[in-house]
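Structural description and commentary
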Amino acid sequence: MIPTPFYLIDEARLLTNMRKVEALRAASGAKALLALKCFATWSAFDIMRPYMDGTTSSSLYELRLGREKFGKETHAYSVAWSDREIDEACSYADKIIFNTVGQLTRFEGPSAGIQRGVRLNPRFSTSGFDLADPARPFSRLGEWDVTKLLGVADLITGVMIHYNCENRDFALFDEQLGRIEREFAPLLEKLDWVSLGGGIHFTGEGYPLEELAKRLKTFSDRFGVQVYLEPGEASITQSTSLEVTVLDLLDNGKNLAIVDSSIEAHMLDLLIYRESAKLPQTGDHAYQICGKSCLAGDIFGEARFEQPLNVGDRISVADAAGYTMVKKNWFNGVNMPSIAIKRETGEIELIRQFGYEDYLTSLS
Ligand SMILES: Cc1ncc(COP(=O)(O)O)c(C=O)c1O
């Protein structure tokens with residue numbers, strides 16, 4: 001048995017998402033690039049590659065990883081490229097997307113050999129959380145002045161617009177794409193491609209995939225553009241768990257179970273976005289599942305079990321692929337979860353373990 005903690009990627013579940021990505025690409029003509037910021041566990045890329053068109057990135061290192069480990073079409077985006085990075089970035093990228101017109105003109109020379117785009121900020125989004133809202137007041141994420149963008153239209157072939165955030169609502173997507181069509185038509189008409197970013201939850205249960213495909217195709221036909229999507233969460237949703245073991249139990253007015261992992265170190269977004277982990281919820285025995293770091297609020301969430309918990313019991317935290325492994329850290333020196341893949345045959349393959357040497361070399 002693999003020692004906990006470990007992230008367990010379920011190949012069959014990942015393939016369920018991949019087949020939806022493939023169906024959407026086929027029906028809409030849109031291309032799908034994996035957003036590495038969400039999931040960059042490259043041992044799973046062999047599973048994903050046949051169903052996706054490539055990757056998109058948020059930094060030089062993600063870009064290089066995408067080029068070297070995924071291949072296919074590689075988009076480079078960064079909130080700001082530095083002088084030291086730009087030549088190397090252009091050497092890996094098929095397209096480079098600048099966050100501002102300032103960066104585009106600054107790096108016009110080094111990027112002349114590849115296709116270029118700028119990030120367009122439509123000034124609305126589906127995010128309800130200020131921290132993650134690209135359309136928040138004074139947002140630095142992209143340009144919103146169409147006249148300014150039209151002034152550099154001959155330097156670019158496309159734009160990237162990321163404004164959806166776990167959007168499960170097709171009607172809302174449809175309405176907001178309509179706004180983009182109305183407000184940015186003069187620019188869109190000049191372009192060869194438009195990336196609509198990530199955040200569309202099209203692999204979720206019951207999502208009207210065919211309607212989305214039709215809508216994307218209408219958009220693409222109207223402006224004569226190749227549409228790109230940058231699914232992060234949608235690519236890997238529900239595919240992975242974090243397997244942990246109960247180390248201790250105590251009752252401080254509530255049954256508490258301390259496990260051999262930590263949200264701060266291994267599922268950081270739960271902490272950032274004040275969310276609960278997806279834990280078992282059936283049975284009469286209620287526990288709060290707590291992490292083992294020193295942070296008082298290191299709590300996975302409330303769970304229920306059929307039987308009372310014992311030290312040594314294993315617990316599976318569901319839906320643990322997105323924005324987890326890419327954010328894990330060595331806070332408190334808590335042992336980093338291994339990475340394992342459950343193959344379609346049912347066999348579990350341990351891909352990578354981390355140890356003291358990894359902790360040591362992450363510092364000096
Ligand atoms: C530019 C861009 N593309 C794609 C994504 C991926 O989003 P998601 O994981 O919600 O699909 C993000 C997420 O922040 C993003 O900023």
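Under the annotation held in an unreviewed UniProt entry, the protein chain carries the name Carboxynorspermidine/carboxyspermidine decarboxylase and is attributed to Rhodobacter aestuarii. According to the UniProt record, the Sequence similarities (unreviewed entry) comment for the protein chain reads "Belongs to the Orn/Lys/Arg decarboxylase class-II family. NspC subfamily." According to UniProt, the comment filed for the protein chain under the heading Cofactor (unreviewed entry) is "pyridoxal 5'-phosphate".

A look at the overall build of the protein chain
Across its full length, the protein chain carries 12 helices and 16 strands. The principal-axis extents of the C-alpha atoms in the protein chain amount to approximately 65 × 50 × 45 Å. Out of the 364 residues in the protein chain, the part that is buried amounts to 54%. Relative to all contacts within the protein chain whose residues are 6 or more apart in sequence, the contacts with residues 24 or more apart total 65%. Only carbon and sulfur atoms are counted for the fraction: they give 49% of the accessible area of the protein chain, which is about 16400 Å². Between the centroid of the 39 positive side chains of the protein chain and the centroid of its 51 negative side chains there is a distance of 3 Å.

Focus: the side chain of asparagine 99
By the element assignment, asparagine 99 lies in the loop between strand E5 (95-98) and helix H5 (101-106). Polar side-chain contacts of asparagine 99 include one of 2.7 Å to the side chain of tyrosine 77. A polar atom in the side chain of asparagine 99 sits 2.8 Å from the backbone oxygen of arginine 140. Once residues lying within four places of it in the same chain are set aside, the contact partners of asparagine 99 are Tyr77, Ser78, Val79, Val118, Arg119, Arg140, Leu141, Gly142 and Glu143.

Some thoughts on the packing of aromatic side chains
According to the stated counting rule, one finds 10 aromatic pairs in the structure shown. Taken together, a centroid distance of 5.9 Å and an interplanar angle of 85° make the contact between phenylalanine 124 and tyrosine 163 edge-to-face. With phenylalanine 124 in the loop between strand E6 (115-119) and helix H6 (146-151) and tyrosine 163 in the loop between strand E7 (158-160) and helix H7 (170-188), this residue pair connects regions lying 39 residues apart in the sequence. Ring centres of tryptophan 330 and tyrosine 359 lie 5.5 Å apart, and the angle between their planes is 50°; this geometry places the pair in the tilted category. Pair noted here: tryptophan 330 is in the loop between strand E14 (314-317) and strand E15 (338-342) and tyrosine 359 is in helix H12 (residues 356-361), with a separation of 29 residues, a long-range link. Taking relative accessible area as the criterion, tryptophan 330 reaches 16% and is therefore assigned buried. For tyrosine 359, a relative accessible area of 28% puts it in the partly exposed group. Through pairs of rings, three or more aromatic residues link up here, namely Trp330, Tyr356 and Tyr359. The ring of tryptophan 144 has arginine 123 sitting right over it, with the charged end atom 3.8 Å from the ring centre.

Concerning the nonpolar core
Grouped together as the largest cluster of nonpolar side chains are 100 residues, with contacts concentrated most on Met48, Trp81, Phe173, Leu196, Phe202, Ile289 and Phe300. Those residues in contact with leucine 196, other than ones at most four positions away along the chain, are Ile161, His162, Tyr163, Phe173, Leu177, Leu216, Val227, Tyr228 and Leu229. Within the second largest apolar cluster, seven residues are counted, among which are Leu33, Tyr77, Leu141 and Trp193.

What about the sheet that holds strand E9 (residues 226-229)?
Pairing is parallel in the closed barrel, where eight strands are placed in the order E2-E3-E4-E5-E6-E7-E8-E9. Sheet twist, expressed as the average angle between the axes of neighbouring strands with direction ignored, equals 25°. Relative to E9, strand E8 (residues 193-195) runs parallel, the two sharing three bridges. Across the sheet, residue valine 194 finds its bridge partner in E9, namely valine 227. The strands touched by helix H3 (residues 60-70) are strand E2 (31-35), strand E3 (54-56) and strand E4 (73-78); relative to E4, the strand with the most contacts, the crossing angle is about 170°.

What counts and how
- Residues numbered from 1 in each chain as written.
- Predicted model: local features only at pLDDT ≥ 70, side-chain atom pairs only at ≥ 80, totals over all residues.
- Heavy atoms only, no water.
- UniProt positions renumbered as here; feature names shortened; annotations may be inferred.
- Helix = DSSP H or I, 4+ residues; strand = E, 2+ residues; numbered from the N terminus.
- Buried < 20%, exposed > 50% of the residue type's maximum accessible area, 1.4 Å probe, protein only.
- Contact = heavy atoms within 4.5 Å.
- Areas by Shrake-Rupley, 256 points an atom, 1.4 Å probe, with all protein chains shown as cover.
- Lys, Arg positive; Asp, Glu negative; His and termini not counted.
- Charge placed at Lys NZ, Arg CZ, Asp CG, Glu CD.
- Polar contact = N/O pair within 3.5 Å; in protein donor to acceptor, adjacent residues only side chain to side chain.
- Phe/Tyr/Trp six-rings, centres within 6.5 Å; stacked < 30°, edge-to-face > 60°.
- Lys NZ or Arg CZ within 6 Å of the ring centre and 35° of its normal.
- Core = buried A, V, L, I, M, F, W, Y, C linked by side-chain atoms within 4.5 Å.
- Pairing = 2+ DSSP bridges.
- Axes fitted to C-alpha atoms, helices over the stretch in contact; angles between N-to-C directions.

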